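So the chains spell out like this:
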Amino acid sequence: QSRHVVEGTPAQPASLRSCARFADILADMPAPDDAELRAPDRPVNDRGEIRFRVRYHECDPGGVAHHSSYLPWFEMGRTEILRDSGVSYADMERAGVFLVITRMDVRYRRPAFYDQELLLRVRVSGGGRARIDHEYELFAQSTDGKAGELLSTAASTLACVGRDGRPRPLPDWLSPGAHAPPGG
């Protein structure tokens, strides 16, 4: 059985090459200083929602939102929960704290269409010392601005890693038990 060799090393599956590149990128960043990552002024919400329209480039030629468009929408929802507390993912990354997707489960129920207004609800559903779980519900927005027909549901797990790509604890203020209801 032959093995492929690339630049003197046995060929690796694409996923391992991607992880190695990610670790190289992280290693080239300035040394971490967790003191730079300030805790937010208020607790991070345990849920949130965003409203947006399906953009043209997110659709197939028939005007239906492509299934790959849903993942960035879910990321937008997670990002806004954090941003509402006064901290951004960029702040965390500068301090050497990275959240990487380890699981994503999406259920597509109905299609979304070009220029349709959508409502995405996100909630923190659990986690642990170095991971955080989210659940998502994507709705067509009704004419009164409320949730209309349910289009998709999803669940994700994000792991907390350092610049070296190895697991590390979540900051205390980001641990699932530290989240609070909006306004709480």
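Described below are features of the structure shown in this document.

What counts, and at which threshold
Residues numbered from 1 in each chain as written. Predicted model: local features only at pLDDT ≥ 70, side-chain atom pairs only at ≥ 80, totals over all residues. Heavy atoms only, no water. Helix = DSSP H or I, 4+ residues; strand = E, 2+ residues; numbered from the N terminus. Expected span 1.5 Å × (residues − 1). Buried < 20%, exposed > 50% of the residue type's maximum accessible area, 1.4 Å probe, protein only. Contact = heavy atoms within 4.5 Å. Phe/Tyr/Trp six-rings, centres within 6.5 Å; stacked < 30°, edge-to-face > 60°. Polar contact = N/O pair within 3.5 Å; in protein donor to acceptor, adjacent residues only side chain to side chain.

### A closer look at helix H2 (residues 70-84)
The terminal C-alpha atoms of H2, which comprises 15 residues, lie 21 Å apart, in line with the 21 Å expected from a rise of 1.5 Å per residue. Listed in full, the buried residues belonging to H2 are Tyr-70, Trp-73, Phe-74, Gly-77, Arg-78, Thr-79, Ile-81 and Leu-82. Where H2 is buried, its residues touch strand S3 (47-53), helix H3 (89-94), strand S4 (98-108), strand S5 (117-127), strand S6 (131-141) and strand S7 (147-161). Residue Gly-86 follows H2 closely and has a positive phi angle near 100°.

### A short note on the packing of aromatic side chains
Applying the stated criterion to the full structure yields 5 aromatic pairs. Aromatic side chains Tyr-70 and Tyr-108 sit 4.9 Å apart centroid to centroid with 80° between the ring planes, which places their arrangement in the edge-to-face category. Of this pair, Tyr-70 sits in helix H2 while Tyr-108 sits in strand S4, and the two are 38 residues apart along the sequence. Classification of Tyr-108 as partly exposed rests on a relative accessible area of 40%. An aromatic cluster is present here, built from Phe-52, Tyr-70, Trp-73 and Tyr-108 joined pairwise through their rings.

### Some words on the side chain of Asp-46
Turning to its location among the elements, Asp-46 is positioned in the loop between helix H1 (14-28) and S3. Looking at Asp-46, its side chain comes within polar contact range of the side chain of Arg-47, at 3.0 Å. Dropping the residues within four chain positions of it, Asp-46 is found in contact with Val-122, Arg-123, Val-124, His-179, Ala-180, Pro-181 and Pro-182.

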